[in-house]
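# Structure assessment
Single-letter residue listing:
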Amino acid sequence: MFRCSTQPQGVHMVKMADTCSGGKTTESECRIIGSYTRDLHSVFKRYDDHGRIKSCNLRKAFNDLHLYPSYSQIREMVHCAVEYGSPCDADHVTFGEFCVLVDELQHHYDAATPCALPKSIIRNKSASGSAARRSRKESLANFQVFLGGSCGCPKKPSTWRHDVAIPFLKKENITFYNPQVNTWRPELVELEDRAKNVAELLFFVIDNNTRSVASLCEIAYLVGCKRQIIVVFLGFDEAVEEVSLEKTTDREKMDIARARNVLMDIIERNSIPVFSDIQAALRCAAVHLKHGIRVQELSASHGAVPVKYGHALVGEALLKLRESFNSITGNSDGRMSKEDTSFSFEEFCCVITEYKRKKQSMAVSLASKLVAPVSWLLAKLRGSSKPCEVLEEVFDVYLGGSCGESNWREDVAIPLLKREGISYLNPLVTKWSDYLIPMQAAEREKCRLLLFTIADCTRAIGAMVEAGYYIGLGCRVVLCLEKLQPYTTIAGEQMTSTALKDYNRGRVYLSDMASREGAPVFENVSESLTSAVNSIRKLDLALDVK
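Residues numbered from 1 in each chain as written. Predicted model: local features only at pLDDT ≥ 70, side-chain atom pairs only at ≥ 80, totals over all residues. Heavy atoms only, no water.

## Quick look at the nonpolar core
- By size, the foremost hydrophobic cluster in this structure holds 94 residues, and its most contacted members are Phe203 and Phe233.
- Setting aside residues up to four positions removed in sequence, Phe233 forms contacts with Ile206, Leu216, Arg260, Leu263, Met264, Ile267, Val274, Phe275 and Ser276.
- The next biggest cluster of nonpolar side chains, apart from the first, holds 39 residues, and it includes Tyr36, Leu40, Ala312 and Val314. (Core = buried A, V, L, I, M, F, W, Y, C linked by side-chain atoms within 4.5 Å. Buried < 20%, exposed > 50% of the residue type's maximum accessible area, 1.4 Å probe, protein only. Contact = heavy atoms within 4.5 Å.)

Here you go:
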């Protein structure tokens, strides 16, 4: 395939058609263009499965290169590979795709890409709250760890605290607060909040035998508050089959899984590792408390799975490269040709990756000698990474919250906002998937106000988790919380009394978080919309005065 009369020094140009036909060289080896792609291939072949890497091994491959993507980033990468027409199955990436993704993530490391603040931010809480917590310690017993998370039910209580966590903490002489009680009461919310405020470290375990609605919202809120927190998901990839000795429906399993995926992204987007093993998490808790190592700095040597730059969108680099490639493809078989050189997109991914990693002078020399379209596209790719004065898209209101059976957006919100001349972003999609999480987060943060409506005909756990995070972060949030009533049916499924208590408890916790942070809470959609409109009007007026 490569028949190039000029071979620049330092670049290994393999004659693919000749080398691959002999059966001694794998197809991915035929994509090695130079030293950088050779190094990437040495990692790729550790996980090579017939010329591709399974998504379950992709994170390990990145870690081998000292790159630490999040769970959501991996999902987004694989989806974007499939979206542009990857020859792989839906849960794999090819070597060329791997090269592009590695280069893109490495770019964020090299540039130290900051996590931009949402447009809805009111105050930066990076250091807030510490003084208040110190003052509260004077009137409360001092302890180091708050043991939050799954508690179970009276018939089947969670035992991870007494069986595992408490014996470990006692052995390490680490003090703790255990909030687990036999019967939960609303007045316990304030007591638990005071306990969380004085703890040095928040330690949460989410097991697979509880809905943990309130705990999911709490964790999101505490991450937003920039607290030091360790989270353990037991059986994250497994469905919650049974809660309080009651079988969960398929629809409820999906709702719970969605919320946990949303929370996983929120945690890792803030460079906080997520654990699947309690013992490993407890050891890291001891490291944090005894050696002063921040949770975000825990490494693989400590037993953590670190995440760096989890906020960056990586997979879209493949989509942009494919779009650029298609714009200059010269023939019908999907190959880019110029004189005596021809590239498939897979080969082109490797060429671009190699050249982007060369010094500027060498890259220009290589491109000009090899093929003119490469030079053009390389310049275009470099230019896209430079800051430019482009008007950033900003919306007034984000319409977050219940989907499915709830039509509050179409029936009430959108008509009202249109009449008021207020722009909005509607995240509703025909079919939701977890690969959308990073992209929806990026869209959400373009909005000046976040409206979350939690309707009484949906569980909406994922939306509650999102709301908890942005309340904790100090964003401009308006909440509409409708309480679930007895005999409520969701998608034709009648909720049990136990489920009703669990979901309403989550609403109580979320309402309490909002009230503490000064976010308005309503029980009526129209009232919450009026509040949102008034907030936007005040913002516009303040801008006009300036």
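## Focus: the sheet that holds strand E7 (residues 201–206)
- Sheet architecture is open: 5 strands sit in the order E6-E3-E7-E8-E11, paired in parallel fashion. Two strands in the sheet have a free side with no partner beyond their single neighbour: strand E6 (176–177) and strand E11 (274–275).
- Of the strand pairs in this sheet, strand E3 (residues 145–149) and E7 are connected by 5 bridges, and their pairing is parallel. Bridging across to E7, Val145 finds its partner in Leu201.
- Each of E3, E7 and strand E8 (229–233) touches helix H9 (residues 213–224); the most contacted strand, E7, lies at about 145 degrees to it.
- Contacts from helix H11 (residues 278–291) reach E3, E7, E8 and E11 within the one sheet, and its direction differs from that of E7 by about 175 degrees. (Pairing = 2+ DSSP bridges. Helix = DSSP H or I, 4+ residues; strand = E, 2+ residues; numbered from the N terminus. Axes fitted to C-alpha atoms, helices over the stretch in contact; angles between N-to-C directions.)

## Thoughts on the pattern of salt bridges
- The full count for this structure, using the stated rule, is 31 salt bridges.
- The partner of Arg269 in a salt bridge is Asp265, with the nearest N and O atoms 2.7 Å apart. Residue Arg269 and its partner Asp265 are both found in helix H10 (residues 250–269); the two are separated by 4 residues, about one turn of the helix. We note that Arg269, like Asp265, is buried.
- Two residues, Glu493 and Arg459, come together in a salt bridge whose shortest N-O distance is 3.3 Å. One end of the pair, Glu493, is in strand E19 (residues 493–494); the other, Arg459, is in the loop between strand E16 (447–454) and helix H18 (461–473), with 34 residues separating them in the sequence. (Salt bridge = Lys/Arg side-chain N within 4 Å of Asp/Glu carboxyl O.)

## Digging into unusual backbone geometry
- Residues other than glycine seldom take positive phi values, yet His66 does so here, at roughly 60 degrees.
- On the secondary structure map, His66 appears in the loop between helix H3 (55–64) and helix H4 (71–83).
- On the basis of relative accessibility, which here comes to 58%, the residue His66 falls in the exposed class.

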